[in-house]
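Tertiary structure, described
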Amino acid sequence: MLRVDQVISERLTTEVPLVREVAQYIISAGGKRLRPALLLLVSGAIRNDDPKRYTLAAVVEFIHTATLLHDDVVDESTLRRGRATANERFGNAASVLVGDFLYSRAFQMMVDINDMRVMQILSDATNVIAEGEVLQLMNMRDASLDEAAYLRVIRSKTAKLFEASARLAPILAGMDAQTEALCAEYGQALGTAFQVIDDVLDYEGSADELGKNLGDDLREGKVTLPIICALRSGTESQKTLIRQAIEQGDLAHLDAIRDIILQTGALDAARASAHAEAQRAIDAARQLPVNAYSEALLQLAAGLLERRS
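Attention here is on the structure that accompanies the text. (Residues numbered from 1 in each chain as written. Predicted model: local features only at pLDDT ≥ 70, side-chain atom pairs only at ≥ 80, totals over all residues. Heavy atoms only, no water.)

A few words now on the overall build of the protein. Assigned secondary structure in the protein consists of 17 helices and 2 strands. In terms of C-alpha radius of gyration, the protein reaches 19 Å, essentially the compact-globule figure of 19 Å for 309 residues. Projected onto the principal axes, the alpha-carbon positions of the protein cover approximately 60 × 45 × 30 Å. Counting every position in the protein, which comprises 309 residues, the buried fraction comes to 56%. The long-range fraction of contacts in the protein, counting pairs at least 24 apart against all pairs at least 6 apart in sequence, stands at 77%. Summing over all exposed atoms, the protein offers an accessible surface of approximately 13,300 Å²; the carbon and sulfur share of this is 50%. Taken as two groups, the 33 positive and 44 negative side-chain charges of the protein have centres that lie 3 Å from each other. (Helix = DSSP H or I, 4+ residues; strand = E, 2+ residues; numbered from the N terminus. Rg over C-alpha atoms; globule rule 2.2 N^0.38 Å. Buried < 20%, exposed > 50% of the residue type's maximum accessible area, 1.4 Å probe, protein only. Contact = heavy atoms within 4.5 Å. Areas by Shrake-Rupley, 256 points an atom, 1.4 Å probe, with all protein chains shown as cover. Lys, Arg positive; Asp, Glu negative; His and termini not counted. Charge placed at Lys NZ, Arg CZ, Asp CG, Glu CD.)

Laid out in structure tokens, this is it:
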């Protein structure tokens, strides 16, 4: 990861001071660096030591960071990773344009790899992520959204980059289609579990732990799995209160809605869904060569279920 950070630093060079300042602001905020770490772990598991893996790990982090910059503008978010979002500090225009810079820099770096299959996977993933964001926008304030529609969104906007990150390692190593499919399965399942837990924490965690404002999903009119599960098993009066909050973006009853989500067992139901996805990831990782890296992949999937931030 130190090598990846070195590549990130080298490729953030630009003669435009504001681009450098905004990009460094959000990248230096820390974060989990899960996607580049996933690419490196899968590379280790399949014994791929191609140095190009560091460039690709930086590419997926740039793509992820660009989506964060754009997401925070769309969602009007003010807090991420415990500090002001880039749009809150620098304004919406700067955030969108620097997001564009990071996307274009990522594609420049892909060209350096000089592998059409790598280009295909990353360009397809970027396109699917954008589709997922638009789908989520279309679903805003729609209290009738079901679990299948919710999963379609998160598998596009979140899990797709996890899947691509895991798939790139065997592609770079020139491995067979079966190994590539296993790695992609792990990444997609891990990314899906990650997002479900993230949505659970919006109602279960604390702002200090999460580094973001609690109830943001409700304020933005996002119908996530805890809400879907609560609407499935709540009383009529409970359902009415939740629907009104979703449709109006009203946080006045946030505490009451969190109580409803707890009382109906919605968080347990959502966590069970995340557990099933994590198990799918574990099943895939168990078919990879046995070594310290594949063991870390198993631990990563199991550890997702204990996430608090």
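Structure shown, so let's carry the discussion forward.
Counted according to the given criterion, the structure contains 17 salt bridges. Taking the shortest distance from any N to any O, the salt bridge between Asp75 and Lys222 comes out at 3.2 Å. Here Asp75 is found in helix H4 (residues 52-75), whereas its partner Lys222 is found in the loop between helix H12 (216-219) and helix H13 (225-233), with 147 residues between them in sequence. A relative accessible area of 12% means that Lys222 is categorised as buried. Between Glu236 and Lys239 there is a salt bridge whose closest N-O contact spans 3.7 Å. With Glu236 and Lys239 both in helix H14 (residues 236-248) and 3 residues apart, this pair spans about one turn of that helix. By sharing partners, the salt bridges in this structure join Arg117, Lys160, Glu163, Arg167 and Glu180 into a single network. (Salt bridge = Lys/Arg side-chain N within 4 Å of Asp/Glu carboxyl O.)

Below, the discussion takes up empty space enclosed by the protein. Summed over all chains, the structure comprises 1 cavity of 30 Å³ or more. The space that makes up the largest cavity amounts to roughly 70 Å³. Every residue lining the largest cavity is listed: Tyr25, Ile26, Ala29, Asp72, Arg80, Arg81, Arg83, Ala84, Thr85 and Ala86. Sorting the residues of the lining of the largest cavity by element identifies helix H2 (17-27) and strand E2 (83-84) as the ones contributing at least two each. Classifying every residue of the lining of the largest cavity gives 5 nonpolar, 1 polar and 4 charged. (1 Å grid on protein atoms, 1.4 Å probe; cavity = no way out; pocket = protein on both sides within 12 Å on 5 of 7 lines; lining within 4 Å. Points joined across faces, edges and corners; volume = space filled by probe spheres on them. Nonpolar A, V, L, I, M, F, W, Y, C, P; charged D, E, K, R; others polar.)

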